Structures are given as structure tokens and as C-alpha cells.
Number of protein chains: 2
Amino acid sequence: MSKIKIGLFGFGVVGSGIYEVLRKSKNADAEIVKICVADLSKPRTLEASYFTDDPQDILSNPEINLVVEVINDADAAYTIVKSALERGKNVVSGSKTMLAQHLDELIELQNKYGAALLYDASSCGSIPVIRNLEEYYDNDLLLEVKGILNGSSNYILSRVFDHKSSYADALRQAQELGFAEKDPSFDIDGFDSLFKLVIITVHALGAYVRPERIFTYGISTIHESDISYAREKSVKIKLVAQVVKISDESFTMFVMPEFVSPSRYIYSVDDEYNGVVIRGECYDRQFMFGKGAGSLPTASSILSDIMALQHDYRYGYKKLHFHDKPEYTTDVKLKIYVRYNETDIPSVLDFLSVEEQYTGRESKYVIGEILLSELIAKRESIRGKDVFIANIPMFFINRD
Amino acid sequence: MSKIKIGLFGFGVVGSGIYEVLRKSKNADAEIVKICVADLSKPRTLEASYFTDDPQDILSNPEINLVVEVINDADAAYTIVKSALERGKNVVSGSKTMLAQHLDELIELQNKYGAALLYDASSCGSIPVIRNLEEYYDNDLLLEVKGILNGSSNYILSRVFDHKSSYADALRQAQELGFAEKDPSFDIDGFDSLFKLVIITVHALGAYVRPERIFTYGISTIHESDISYAREKSVKIKLVAQVVKISDESFTMFVMPEFVSPSRYIYSVDDEYNGVVIRGECYDRQFMFGKGAGSLPTASSILSDIMALQHDYRYGYKKLHFHDKPEYTTDVKLKIYVRYNETDIPSVLDFLSVEEQYTGRESKYVIGEILLSELIAKRESIRGKDVFIANIPMFFINRD
């Protein structure tokens, strides 16, 4: 590929970071030609001639051979990426929501039109998870990918555990520091982690599972009593996303709070950091740790994708073509802690067995074994209620 | 590349691990055709028809399209790898000593004959350091690679610090567990780390620096008093290898014990594990952690290289061709701790400034600033003496 001429969609935190990173990297033979933004009237740090609000100024510009898309609107991102690929333009995307919802189609489009789509920045910012799963752990020895994929919720939980803030204070602080959005639900309800997990699973096990099929539970209902319980047991509560191969035939995946004991690598992933454990049959556990978000860390990951395209790199999606691939199952026994208040959890959730049940004036909880499929079946009955769920790792997932 | 037919040199710990890993990976389209060993009379777990002691049975066999070399003899490894490349055969090598000494020539041979040489297993076993430096951190934002690259010495230091063993007991234990060789000097004197650092630097900064130009100091002279001193300061002593960009024009590198404070990522790299911190201008610090050695972890890394060759991957050595590359310098100020006994260190080493000097009945030490070039100039005067040196990270290297 000759000199890269970039059409950039989005000039917010990440978009302006890309401009900055390209400026710093003297050896990157790439320049931004045009930037498409939603609101042309906003004051910008670059001269006005760079900007447009018409996507066609990029998509129909034959000089532009790479589209970089870092906008928040998933539907608009989908339209842009699809249309760029259809015109044979390579694309770098950071939109996890869009990718998690359309990855199957976007893989087909790449095959059909020959253009490449890279998106390492979409999952864990500057940690090269996807590239390593695709290229280095490109065999069938992989057993598990488990990690803290969302910096906002992790920051909040760290404040709560390490600095004994209240949840409300921690959330406010995260918002003030820019680690959490004004509407934090995308992060704290687990959807950010979920979408990253969907993308990771395509490259980990060669399976695309639609987000709505995956159990996802966040941290917004955490109480003082949950925190006290965890402290008593000398564990931290972390929001953990995981995909685990159970046998040669099946794997499972979910996002939920987890009691993490100090011996686990992810125990020490604090504040806004991300950490991912990759476990395989022969290499045991590899731990990758770094900044999962932020302007420059994400932009540096985008730069890696840009330079990879310059060297004609594309994801091979090799594992999609493996024979004997494992299939997604929710027929998996988990051990969970459920703290509740008004909703009578023991009558709502059908536990296989109950190990502990506690009813106090301040809190009630039950600990027991349950099928993941049961959690999925009942998720609408507990959503929005004052109910907190945490996974207690058992045998098959007890090895992060 | 069609089905991979492997000629394997070496069937020790790693060689037999490769056989095992290939057997486990159902999707690896590769098989071992012939195995060359030094001693045909040793009892083997595979049938005799696999084995030969004549390298030509592999090198001259047109059916074999990949040579995998995991032998301990660096000179023999060099002859094998060179001769395989000259015949256009791709090679996977795990011989860090050989690679560190001949990498410049081996890069030329790859260019000349078109065959590819991969060696990710040579540095940090299953941690994909080289591949990530080459492909993901393939830009000029990289500032530093710093890590614990040798499992044996780290195991010994962990026993000493965390389990309060004596150095002698810890070494014996490491040998019993197979973490250290009978002659442990290669590991504990820092040469294993040095050779890995030389290889890493080629892919980190595009510079090949001959091992003998690099200051290397090991842990074999560590005393109770050094350990007590470190404990008092709440730091651990780790054997650290590092390459650090000092400016756009220059970088430095060395291997020596270091006082590591608890806030550093590598502080928590204990026992036989390896940990590497990659620091860049925009992505800050990435930390990679895993098993750096052992039969199956190393073999799984070799499998990654084998599968990469199946997809026509080769190292691009892109950074070797960057313009404005930084050059190696030893004109760098370090702050070090030197504990000595008979050798009168203050009269041997020319310190720029001395911060502390202590003379007790049991031990003497000096802490001060010194040029790295001075340490290199005087290394023969202190080698083999009862002198222990540790780096105390200052400003420019104070950010791992």
C-alpha cells in the first residue's frame, strides 16, 4: 500500500488523539486528509478546511484510501463502515457497539469487496488483545479469555474497595475525571464489556455470538452490604467478562461482577486500567495489562492498525474455519451470590442447590448453584430491581 | 505455504514439548518428519525411525520445508540455521545465544535467500514480546522495554525475598525443580537476560548491538547484607534487563540487579515468571506477564511461529529502516548501589558523585552516580570479586 491518506470520522477525544499521535510518529507514512464531524460550528484546533459534515466528502474521495471511524453513534458508524468497505476502502474502527452487533456481516463484506477492516482499538484500547488472539494464540490450545475490559466500572470499584468511597462518591469522581460518561449505564451495566467480549470471542474461539444471547449484569446495584461481605471474605468485587471453553464441543461466556481472590492476576488490576488473562492448554496463563481507554492510548492502538494496513495486514479470521469448533452453550452451572431486597429472589430464581441463605434487617442474600440459562431466562424479572449478583468462581472457571 | 513438514533439531525439554504441542493442536497442519539428535543411543519416547544424528538427513531432504532448531549448542545452531536459510528453508529457532551473536548476518541471509527465520520463543517463552514489538508497537512511539527476562534468577531472588531462604538454598531448590541448570552461571550472571535483550532491541528500536558492548551484571555475589538493605528500604532486588530511549538521538541498554519499589509492575513478577513492561509515548505502559520458560510454554510459542510461517508471515524488521533512528550510547548517568568487601570500590570506580558511603564490620557500600561507560570500562576489575551492584532507578529510567 502506498502513502496512507486518511478520511477521519469523528474528532472527539479519540479523533483528536489520532491527529496528535500521527503528528508525533515521524515514521508513519500517513496523513489525515479530511475529517467528517456532526457539528461544523464547534470550535476546532485545526483549520476549517480539514472539516466537513458530509460523509461523501470522504467516502467518494478517490484520494482517500483509508477510513478511520471513531464516532459514538453506532448506527451511523455501521453505515459509514459498510459503505467504505463496499467501495473497497480499508477501514479502522473503534466502535465496539457497532462491531459487536454487525461483525458477521462485516466479515462477509471484507471477503466480498477485498477491503480490510481492523479494530484492535475497540477492545481494551492500547492492549493488543485482538491482534494477539488472531495471530499469536492462533491455534486451538486456547481455553479461556477473562478480564477487566471496562475502565470506568473498574475505577469505581477500586475507589469503593481500596479507598472506601461510597459507590455514589466513586461514580461522581469517575465522571469528574472523565473516566465515566454523564450517563454511565453503558459502562456500569456491563454493555461496554459485553461488546468487547463479543469481538474478542470471534478472535479467541472463532465464534460470533450475538450480544443479546449473553448474560450481562452490571455493578449499579452494589450495596454497602455487598462490599462488606466481600471484604470479610478477603476478595474484591470486579466486573469481569469471560469466555471459557468447557470441552472440545462447547464454550460459555458472560459478563458479571465476580468475587476475585488476591491470588488472581486480575485482583491487582485497579483504577481505570484493563487487564486480560489468556489461558491455554500449554502456555498456561498470559496476563496483559494496560490503559484500556483514553485519548492517546486508544489513538496509539489506531495507529498500530493504520500501520498494519500499510503493510497489507488483515485479520485472517482463521479460527472461524477451524473444524470441530466448540459451540456456545448456556447449559453451565455457576455458583453465584445474590443480594436482594424487595424482590424475593429464592422464589424468582430456580437454584440447583442453595449453600447459604441469610436474612438480616439490612440485607438478604443467597449463595447457590444455578444454570446460566436460568439467569438468562429470568433476567427481565430482576432487571432494574434492587438485586446484586456476583459470580463465585468454581472449578471450571476457577483458574484465571 | 502447503502442509508443513518439520525437520526438528533437538529433542530435549523443548523439542519433546513441540512434539506434544503439535499432537494436541488438531488444527495445526504440520507434522514432524525427522528429528536430529546428538546422541542416537539415548532411549526415546518416539520410534527410532524418527531419529538421525546426521543434519543432512534434514537439511538435504526436499520434503522438509521447515527447520525447527532447539538445541543448546550455539555454534551448532548457527551452522544449522545458516545452512537451512541458504537452502531456502524457513527456520524457527529458540537459541537466544546464537541469535544474539549472529542476528545481523541472519537478517541478511533471510533477505538474500528469501527464507524466513522466526524466533519468538527465544525471548520470554510464551510471552509474545518480539511479535508485538515488531507488529503492534511497530511505530516510533516506543520509549522503553524493561523486564524480568530470566526465570531461574527470578525464582532464586523470590525465594530469598519472599521466603527468606538463603541464596545457596534458593539456588539448590531452583536446580532441584529444574528452574536452574547444574552450571547456573548463564542465568544468574545475566547472560540469558542479555541475549534476550539484544534480540528484543532489534525489534524494539531497530538496532542490533553486539552483546559484548552491553554492561551485564548478575546476582551471584548477592549477600545477606544486600538483602537486608533492600528490605529496610521496602524494595525487592530483581535482575532487570532494559533498553531505554533517552532522546530522539540515543538509547541505552544494560542488564543488572535493580532495587524495585512496590509501585512498579515488575515488583510482583515472582518465582519463575517473566514480566515485560513496554512503555511508549502515547500508550504509557503495557505489561505482559507469563511463563518465560519450560517445555510446553516454550513449545507453544514455537507452535505460534510454525503457524505464522504457514500463513507466510515473516518479520519485516521495519524499524531497521526507520530514518532518524536513535543510536546506542553508554554515556548515561546511573545511580547505583555497590556493596564490596576486599576490593576497594571507591578507588576502583570513578563515581561522578557519592551520596552515601557506609563501612561496617560486616559490609561496606557506596551509593552514587556513575557513567555507564565507566562501569563497562572497569567491568574486568570487578568481575569475580565479592562485589554486588544494583541499579537505583533515577529520573529517566524511573518510570517502569
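Residues numbered from 1 in each chain as written. Chains lettered and ligands numbered in written order. Predicted model: local features only at pLDDT ≥ 70, side-chain atom pairs only at ≥ 80, totals over all residues. Heavy atoms only, no water.

Draft legend 1. Local environment of unusual backbone geometry. Residues and elements named next belong to chain A. Unusually for a residue other than glycine, Asp-271 sits at a positive phi of about 55°. With respect to the helices and strands, the residue Asp-271 is situated in the loop between strand E10 (250-260) and strand E11 (273-280). Take Asp-271: its relative accessible area is 27%, and that puts it in the partly exposed class. Positive phi, close to 60°, is recorded for Asp-284, a residue that is not glycine. Within the secondary structure layout, Asp-284 lies in strand E12 (residues 284-291). (Helix = DSSP H or I, 4+ residues; strand = E, 2+ residues; numbered from the N terminus. Buried < 20%, exposed > 50% of the residue type's maximum accessible area, 1.4 Å probe, protein only.)

Draft legend 2. Molecular detail of the relation of the copies chain A and chain B. Screw-axis analysis of chain A against chain B gives a translation of 0.0 Å along the axis, an RMSD of 0.0 Å, and a rotation angle of 180°. Those values place the two copies in the arrangement expected of a two-fold rotation axis. Across chain A, the rotation axis passes nearest the C-alpha of Met288(A), at a separation of 2.3 Å. Take the interface residues of chain A: 100% of them recur as interface residues in chain B, which is what a same-surface contact looks like. (Least-squares fit on C-alpha atoms with pLDDT ≥ 70 in both. Contact = heavy atoms within 4.5 Å.)

Draft legend 3. Focus on the packing of aromatic side chains. Inspection of the entire model under this criterion finds 42 aromatic pairs over all chains. When the ring of Tyr265(A) is compared with that of Phe287(A), the centres are 5.5 Å apart and the planes differ by 40°; the resulting orientation is tilted. With Tyr265(A) in the loop between E10 and E11 and Phe287(A) in strand E12, this residue pair connects regions lying 22 residues apart in the sequence. Both residues of the pair, Tyr265(A) and Phe287(A), count as buried. Through successive ring pairs, a cluster of aromatic residues spans Tyr265(A), Tyr273(A), Phe287(A), Phe289(A), Tyr265(B), Tyr273(B), Phe287(B) and Phe289(B). It is Lys236(A) that lies over the ring of Tyr267(A); its NZ or CZ is 4.4 Å from the centre. (Phe/Tyr/Trp six-rings, centres within 6.5 Å; stacked < 30°, edge-to-face > 60°. Lys NZ or Arg CZ within 6 Å of the ring centre and 35° of its normal.)

Draft legend 4. Quick peek at the nonpolar core. Of all hydrophobic cores here, the largest spans 274 residues; its most connected members are Ile6(A), Ile18(A), Leu375(A), Ile389(A), Ile6(B), Leu375(B) and Ile389(B). Excluding its chain neighbours within four sequence positions, the residues that come into contact with Ile18(A) are Leu8(A), Ile32(A), Val68(A), Val70(A), Ala299(A) and Ile302(A). (Core = buried A, V, L, I, M, F, W, Y, C linked by side-chain atoms within 4.5 Å.)

Draft legend 5. Structural detail: helix H9 (residues 191-205) of chain B. Residues and elements named next belong to chain B. Taking 1.5 Å per residue as the helical rise, H9 with its 15 residues ought to reach 21 Å, and the 21 Å between its terminal C-alpha atoms agrees with that figure. Counting buried positions along H9 yields 14 of 15 residues, so the element is predominantly enclosed. Gly-206, located one to two residues past H9, shows a positive phi value of around 70°. (Expected span 1.5 Å × (residues − 1).)

Draft legend 6. Local environment of the confidence of the model for chain A. For chain A, mean pLDDT is 93; residues scoring 70 or higher make up 98% of the total. When the criterion is pLDDT under 50, residues 395-400 of chain A qualifies, and its contacts beyond four places in sequence or with other chains add up to 28 contacts. (pLDDT = per-residue confidence, 0-100.)

Draft legend 7. Just the interface of chain A and chain B, in detail. Each partner contributes to the interface: chain A provides 46 residues, whereas chain B provides 46 residues. Carbon and sulfur atoms make up 50% of the surface buried where chain A meets chain B, a total of about 4000 Å² over both sides. For the chain A face of the interface with chain B, the top three residues by lost area are Asn27(A), Tyr136(A) and Cys282(A), together amounting to 18%. Put simply, chain A and chain B have four salt bridges between them. We note a salt bridge from Glu281(A) to Lys24(B), for which the minimum N-O separation is 3.8 Å. Summed over the shared surface of chain A and chain B, the result is 19 residue pairs in polar contact (both at pLDDT 80 or more). Elements supplying a minimum of two residues to the side of chain A that touches chain B: helix H1 (13-24), helix H5 (129-136), E12 and helix H11 (295-310) of chain A. (Buried area = accessible area lost by both parts, 1.4 Å probe. Salt bridge = Lys/Arg side-chain N within 4 Å of Asp/Glu carboxyl O. Polar contact = N/O pair within 3.5 Å; in protein donor to acceptor, adjacent residues only side chain to side chain.)

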